[in-house]
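A structural walkthrough
Chain by chain, the residues run as shown.
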Amino acid sequence: MALPPIMLAAAAALLQPAAAGPFNPAAPENREVLASFSYATVEPVLIRIGARFERAGTGEAQALTVTFANGRRAAILFGSCQATACRAISIQAVWNAPSGPAAAQLAGAMAGFNQRYAFARAFLAADGRPTLQRYLTADYGFIRGNLAVNLIVFAGQIDRFVAEVLQPSPAPPAPPSPAPAAPAPTPQS
């Protein structure tokens, strides 16, 4: 018995790999619980959000170099691993240390950023490089859709960090001060 064409088309669609990005928040796989973080669990999520990546670590120290859909780059470092199953990832973006006046103002700008945005943490690495980091744990699993959202929001936080901390627009000039008032005449007697 031959299948109707509509059923053949549906069966063929099921056999095709899923298209990469843009992220579909309503996709049923977003409710899947990832038992741990690994290349096998994180890479499909990166594909779904339109990110490109390369494996950068070794068997014992897994890592990914990621370029998000907005062009921003970061590293994903896997931690608390038992073989290839890891209970944590650190998502980090790092820049070269600034010099001159920008370096002197950096700590204050980063403190202000941390006050405004609790999602990621900005800090100076030991070598003076500005760093933005997000740390996620999967001790009891992690929802796939939540991982996608965390990665998308981190990419947006990189944009904010660059705009507000590393390349802030110059402050508008202060309005001119009014000319000092002439002294009031003293009464003559």
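Anyway, here's the lowdown on the structure attached to this text. Quick caveat, the model's predicted, so the values are computed rather than measured. (Residues numbered from 1 in each chain as written. Predicted model: local features only at pLDDT ≥ 70, side-chain atom pairs only at ≥ 80, totals over all residues. Heavy atoms only, no water.)

1. Focus: the overall build of the chain
Using the following cut-off: Note on conventions: DSSP H or I runs of at least 4 residues are helices, E runs of at least 2 residues are strands, and numbering of each starts at the N terminus. Pairs of residues are marked as contacts when any of their non-hydrogen atoms sit within 4.5 Å. Using the Shrake-Rupley algorithm and a 1.4 Å probe, accessible areas are obtained, with residue cover drawn only from the displayed protein chains.
In terms of regular secondary structure, the chain is built from 4 helices and 8 strands. The secondary structure elements of the chain, listed N-terminal to C-terminal, are α-β-α-β-β-β-β-α-β-β-β-α. Of all intrachain contacts in the chain linking residues separated by at least 6 positions in sequence, the fraction that spans at least 24 positions is 57%. As presented, the chain carries roughly 12000 Å² of accessible surface, and 60% of it is formed by carbon and sulfur atoms.

2. Quick notes on the nonpolar core
Selection rule: By nonpolar core is meant a set of buried Ala, Val, Leu, Ile, Met, Phe, Trp, Tyr and Cys residues that side-chain atoms within 4.5 Å join together. A simple rule labels every residue: compare its accessible area, found with a 1.4 Å probe on the protein chains alone, to the largest value its type can have, and call it buried under 20%, exposed over 50%, or partly exposed in between.
Within the largest apolar cluster, 38 residues are counted, with the highest numbers of intra-cluster contacts made by F37, F68, I76 and L147. Ranked by residue count, the leading element in this core is helix α4 (residues 144-166), at 9 residues. Among residues more than four places away in sequence, those in contact with F68 are I49, A51, A74, L151, F154, A155 and I158.

3. Side note on the environment of V94
Secondary-structure assignment places V94 in strand β5 (residues 85-94). V94 gets classed as partly exposed once you look at its relative accessible area, which sits at 36%. Residues V94 and A125 lie 31 residues apart in sequence; the distance between their C-alpha atoms is 8.7 Å.

4. Some words on the layout of surface pockets
Convention followed: Here a cavity means grid points, on a 1 Å grid over the protein atoms only, where a 1.4 Å probe fits yet cannot get out; a pocket means an open set of points with protein on both sides within 12 Å along at least five of seven lines; lining residues are those with an atom within 4 Å of a point. Grid points are joined across faces, edges and corners, and a volume is the space filled by probe spheres set on the points. Gly is put with the polar residues, along with every residue not named as nonpolar or charged; the nonpolar set is Ala, Val, Leu, Ile, Met, Phe, Trp, Tyr, Cys and Pro, and the charged set is Asp, Glu, Lys and Arg.
Considering only enclosed or pocket space, the largest pocket measures out at about 180 Å³ in volume. If you trace the largest pocket, you find it lined by W95, N96, P98, A102, Q105, L106, A109, V165, L166 and P168. Those elements that place two or more of their residues in the lining of the largest pocket are α3 (101-116) and α4. Residue contributions to the lining of the largest pocket peak at 4 residues, all from α3. The class makeup of the residues in the lining of the largest pocket is 8 nonpolar, 2 polar and no charged.

5. Let's talk about helix α2 (residues 39-48)
Of all the positions in α2, only Y39, T41, V42, E43, V45 and L46 are classed as buried. Those residues of α2 that are buried lie in contact with β1 (33-34), β2 (52-55), β3 (63-67), β4 (73-82) and α4. Phi turns positive, to about 80°, at G50, one or two residues after α2.

6. Comments concerning the pairing of β5
For the record, the criterion: We call two strands paired when DSSP finds no fewer than two bridges between them.
Two elements, β4 and β5, share 7 bridges in a ladder whose sense is antiparallel. Bridge pairing links C81 to C86 in β5. Following β4, the chain reverses through 2 residues before pairing antiparallel with β5; A83 in that reversal takes a positive phi of roughly 60°. Across 7 bridges, the pairing between β5 and strand β7 (residues 130-137) is antiparallel. When the sheet's bridge partners are listed, V94 is paired in β7 with T131.

No statement about biological role is implied by the geometric values presented.
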